[in-house]
Amino acid sequence: TDGSSIIFPYLRNDILVNYKQRFIDKKDFRQATNAEAIMFNYDRCKDSKEIIVCEGEFDSMAFEVAGFTFATSVNQGAPNVNDKNIDKKLECITNCYEIFEQAEKIYIATDNDDNGRRLRDELIRRFGEEKCLLVDFKECKDANEYLLKYNHLELAKLIHEAKEVPVEGIFTVD
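Definitions and limits used
Residues numbered from 1 in each chain as written. Predicted model: local features only at pLDDT ≥ 70, side-chain atom pairs only at ≥ 80, totals over all residues. Heavy atoms only, no water. Helix = DSSP H or I, 4+ residues; strand = E, 2+ residues; numbered from the N terminus. Rg over C-alpha atoms; globule rule 2.2 N^0.38 Å. Buried < 20%, exposed > 50% of the residue type's maximum accessible area, 1.4 Å probe, protein only. Lys, Arg positive; Asp, Glu negative; His and termini not counted. Charge placed at Lys NZ, Arg CZ, Asp CG, Glu CD. Salt bridge = Lys/Arg side-chain N within 4 Å of Asp/Glu carboxyl O. Pairing = 2+ DSSP bridges. Right-handed = clockwise from strand over helix to strand, strands pointing away. Contact = heavy atoms within 4.5 Å.

## Notes on the overall build of the protein chain
Then comes step 1: Counting its secondary structure elements, the protein chain contains eight helices and eight strands.
Then comes step 2: Its C-alpha atoms give the protein chain a radius of gyration of 16 Å, within 12% of the compact-globule value 16 Å for 174 residues.
Then comes step 3: The proportion of buried residues among the 174 residues of the protein chain is 47%.
Then comes step 4: Averaging the locations of the 24 positively and 34 negatively charged side chains of the protein chain gives two centres separated by 3 Å.

Shown next, in the form of structure tokens:
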């Protein structure tokens, strides 16, 4: 490009099937027309036993800086309260479901806001609470903000500190 945007390639088996463009001077995203909806970083996650699911590409790349190559993100961000068709918005998950089926652990690292919590709940519903672990960004909005505020070592600790999804109806001695 002319330096006014960043391009995120979406590869499946080393073939470019989609790309997303983000303009530098404003939060404006564009995707390739009529492209396949897949998860960002698909090729690096497809054989992984662990996967970190984020809300955006910058968050996925923040985990890469922290040493995790198996981070991915949805291609259209989190569903918001006005989205009429969540399945269409999250079609990238359906189109890549095999990577989540074969994974043993799925770290849910969505944004710390209403839309992020909506996405978190939908991911847990789709993947199963027994497979999911929740990443807590504490006072930060997301992985990228946490990386910038602290550092890559502190961001990596959040994965190791991820908590199991509380299962309704099960009580612990605590």
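Moving on, there is more to tell.
## A word on the pattern of salt bridges
Then comes step 1: Evaluated as defined, the whole model comprises 17 salt bridges.
Then comes step 2: For Glu57, the salt bridge goes to Lys20, with nearest N and O atoms at 3.2 Å. With Glu57 in helix α2 (residues 57–65) and Lys20 in strand β2 (residues 15–23), the pair connects residues that are 37 residues apart, well separated along the chain. Like Glu57, the residue Lys20 is buried in the burial classification.

## Brief notes about the pairing of strand β4 (residues 50–54)
Then comes step 1: Of all five residues that make up β4, four are buried, and the element is covered over most of its length.
Then comes step 2: Pairing geometry for β4 and strand β6 (residues 105–109), over five bridges, is parallel. The residue bridging Cys54 from the neighbouring strand is Ala109, located in β6.
Then comes step 3: Across three bridges, the pairing between β4 and strand β5 (residues 71–73) is parallel. In the strand pairing of β5, Cys54 is matched with Ser73.
Then comes step 4: The parallel pair β4 and β5, bridged by α2, forms a crossover whose chirality is right-handed.

## Some remarks on the environment of Thr69
Then comes step 1: Checked against the element boundaries, Thr69 lands in the loop between α2 and β5.
Then comes step 2: Classification of Thr69 by relative accessible area gives partly exposed; the value is 34%.
Then comes step 3: Separated by 24 residues in sequence, Thr69 and Ile93 have C-alpha atoms that sit 18 Å apart.
Then comes step 4: The residues touching Thr69, leaving out its near neighbours within four places in the chain, are Asn41, Arg44 and Glu64.

## What about the side chain of Arg22?
Then comes step 1: Within the secondary structure, Arg22 is located in strand β2.
Then comes step 2: Buried Arg22, no salt bridge; nearest opposite-charge side chain is Glu57, N-O distance 7.5 Å.
Then comes step 3: Apart from residues no more than four positions distant in its own chain, Arg22 is found in contact with Ser4, Ser5, Ile6, Phe8, Lys27, Asp28, Phe29 and Phe58.

## Considering the sheet that holds β5
Then comes step 1: Ordered by their spatial adjacency, five strands build an open sheet running β5-β4-β6-β7-β8, and the pairing between neighbours is mixed. Looking at which strands have only one partner, the edges of the open sheet turn out to be β5 and β8 (163–164).

Function cannot be inferred from these measures alone, as they are strictly geometric.
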